[in-house]
Amino acid sequence: MANHRHRNWFGRLMNSASWRRWLVLPPIGFGLLVFVWVASRRKPLPRVQPEETRLTVPVVTVHYAPTELAVSGYGTAQPARVWSATPEVSGRVVEVHERLDSGSQVQAGELLIRIDNEDYQLRVRQREADVDSAEAQLAELAASRAADEESLKIDDAMLEVQRAELERRLVLQKRNAASVGEVDQARQTLLQQRQSVQLRRNSLSLYPTKIRSAEAALKTAKARLEEAKRDLERTTLRAPFSGRLSSVNLEIAQFVSAGVSVFEIQENATVEVESQFSIPRLESLLLNYSDPKVGLMDPRLLRDLNAVVEVGEGPARRVFKGKPIRFTESLDQQTRTLGVVVEVRNGGDESSGSETTASKGSLPLVPGEFCEVRLVGEPADRIVIPRASIDGDEVYVVDDESRLRRRVVVLGPTQGDTRVVIGGLNDGELLVTRFPRPAIDGQLVQPLGGE
């Protein structure tokens, strides 16, 4: 009975699922022991480090060299001076220049128009008569004053005589040798003479005021005479400088009014070109000016700059030397650029003694021509690199270990196919002239080129 229960319990145990799961553990443990034993007896495989590939890159050695900074802009030539012929007096035109037509050339000092001046001559003679009258009145006052001063001396002497006569009569009265009536008569005569002296003195005291008034009248008459003479001179208009006539609207015998323009003269000896430049390019050109108190639009910044003005292309290309003279008053509202006015002398102005700045034998710079303007700074030692070697504001250099290094640089103006570097590169460094693809910072390279 007990054996039967034991066999039933053992049979149930062997048929249970939990017992079957425990049966898989011995084989797994044995397998792990075998794997550990094999792994512990395995020899390590030798490692072979792959050789780093060198990438061939073209390079150039950068050096400091004397370089002129220059920036380019564009503008239209305009006359430096335009004079509007505006008569200052009215009248009928009686004489004009023989070539008073638009486009004609006139020289400084030549007579352009003459206005009928008969009325102005009459006015001058009238003003001269007014001056003569004022001078005569002043002379008359001077003579009257001198006469009154002499009369005052006589009146003073007579006053002394009358005073003495009164004293003598008083003495006689005390001696009963003169009556009371005689004494009163002498006293009355003395008073009358004293009154006469006082009136003479009062009259003399008024002469300074009368003379000042007469002098003022004389000055007014002379001023009117000068005005009349100036109006007479204004009946002729002469060219203030050599130039070309434009907008001529005048004929002989035509009546002209004061203040109304009849034509213009455009100076052609000096021409100005206003060209526009971006602020960063101007700043890069003016880097050598170290005074922090000087702003960007300060005219002192232009003193050390020159300008080259070019017109046309190919065989028709003309080159002029110029000089920057001023900045424009403000930035252009649309392009946000700053204008620089360049002066070009064509020559032909005898008064200034200037010579033409154009190429020998070329035509002068004509107002209205479209020009390229290059502002050129003083030569200085700078590093110049090819534009193709620049990626934004970065370049690649090769270090002492022949590895590729990315470098941020400060760029200056563009010079054709090159670019000036202001900072970020050192003398003697190897610059990669063409970017490798891909460009990996620290990559081992084989420089090709250089010194």
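Residues numbered from 1 in each chain as written. Predicted model: local features only at pLDDT ≥ 70, side-chain atom pairs only at ≥ 80, totals over all residues. Heavy atoms only, no water.

**Considering the overall build of the protein**
- Of regular secondary structure, the protein possesses six helices and 23 strands.
- Split into buried and exposed, the 451 residues of the protein put 31% on the buried side.
- The contacts of the protein with a sequence gap of at least 6 include a subset with a gap of at least 24, amounting to 75%.
- Surface accessibility of the protein: about 28,700 Å² in total, with carbon and sulfur atoms responsible for 52%. (Helix = DSSP H or I, 4+ residues; strand = E, 2+ residues; numbered from the N terminus. Buried < 20%, exposed > 50% of the residue type's maximum accessible area, 1.4 Å probe, protein only. Contact = heavy atoms within 4.5 Å. Areas by Shrake-Rupley, 256 points an atom, 1.4 Å probe, with all protein chains shown as cover.)

**Focus on the packing of aromatic side chains**
- Under the defined criterion, the tally for this structure stands at one aromatic pair.
- Ring geometry for Y74 versus F370: centroids 5.8 Å apart, planes at 5°, classification stacked. On the criterion of sequence distance, the pair formed by Y74 in strand β3 (residues 70-79) and F370 in strand β16 (residues 370-376) is long-range, its members being 296 residues apart. (Phe/Tyr/Trp six-rings, centres within 6.5 Å; stacked < 30°, edge-to-face > 60°.)

**Describing helix α5 (residues 180-233)**
- For α5, built from 54 residues, the straight-helix expectation of 80 Å at 1.5 Å per residue is met to within 8% by its first-to-last C-alpha distance of 79 Å.
- The axis of α5 is deflected most strongly, by about 30°, at Y207, and proline P208 appears within four residues downstream. (Expected span 1.5 Å × (residues − 1). Bend = angle between axes of the 7 residues up to and from the residue.)

**Considering the environment of D116**
- Its location among the elements puts D116 in the loop between β7 (111-115) and α4 (118-174).
- Relative accessible area serves as the criterion here: at 25%, D116 is assigned to the partly exposed category.
- Placed 137 residues apart in sequence, D116 and A253 show a C-alpha to C-alpha distance of 9.3 Å.
- Setting aside residues up to four positions removed in sequence, D116 forms contacts with R92, V94 and T235.

**Structural notes on the sheet that holds strand β18 (residues 394-398)**
- What the five strands build is an open sheet, ordered β19-β18-β22-β1-β23; its pairing is mixed. A strand with exactly one partner marks an edge of an open sheet, and here the two such strands are β19 (404-408) and β23 (445-449). Each strand of the sheet is rotated relative to its neighbour by a mean of 45°, with strand direction disregarded.
- Taken together, the five bridges between strand β1 (residues 55-61) and β23 define a ladder with parallel strand orientation. Across the sheet, the residue bridging to V57 is P447, located in β23. (Pairing = 2+ DSSP bridges. Axes fitted to C-alpha atoms, helices over the stretch in contact; angles between N-to-C directions.)

**Some words on the nonpolar core**
- Counting residues in each nonpolar core, the largest one holds 25 residues, and the members touching the most others are V309, L365 and L375.
- Among the secondary structure elements, those contributing two or more residues to this core are β3, β12 (270-277), α6 (279-285), β13 (306-311), β14 (318-331), β15 (338-345) and β16.
- Sequence-distant contacts of L375, that is, excluding residues within four places in its chain, are made with L69, A70, V71, F277, L282, L285, N306, A307, P324, V340 and V342. (Core = buried A, V, L, I, M, F, W, Y, C linked by side-chain atoms within 4.5 Å.)

**Section: the sheet that holds strand β9 (residues 243-246)**
- A sheet is described by the order of its strands in space; here four strands give the open sequence β4-β11-β9-β6, paired in antiparallel fashion. Only two strands of the sheet have a single partner each, and these edge strands are β4 (82-85) and β6 (105-106).
- Where β4 lies against strand β11 (residues 263-267), four bridges are found, and the strand directions are antiparallel. Considered in β11, the bridge of A85 is made with F263.

**A word on α4**
- End to end, α4 covers 84 Å across 57 residues, agreeing with the expected 84 Å (1.5 Å per residue, within 8%).
- Those residues of α4 that fall on the buried side of the exposure criterion are Y120, V124, V131, A134, L138, L141, D148, L152, D155, L159, Q162 and L166.
- Buried-residue contacts for α4 involve α5.
- Looking one or two residues beyond α4, the residue adopting positive phi is N176, at roughly 60°.

**Brief notes about the confidence of the model for the protein**
- The share of residues in the protein with pLDDT of 70 or more is 83%, and the mean pLDDT across the chain is 82.
- Counting interchain partners and residues more than four positions distant, the pLDDT-below-50 stretch residues 348-356 has eleven contacts. (pLDDT = per-residue confidence, 0-100.)

**Section: the pairing of β19**
- Pairing between β18 and β19: five bridges, direction antiparallel. When the bridges of β19 are listed, V397 appears paired with R405.
- What sits between the antiparallel neighbours β18 and β19 is a turn of five residues, in which S402 has the positive phi angle 60°.

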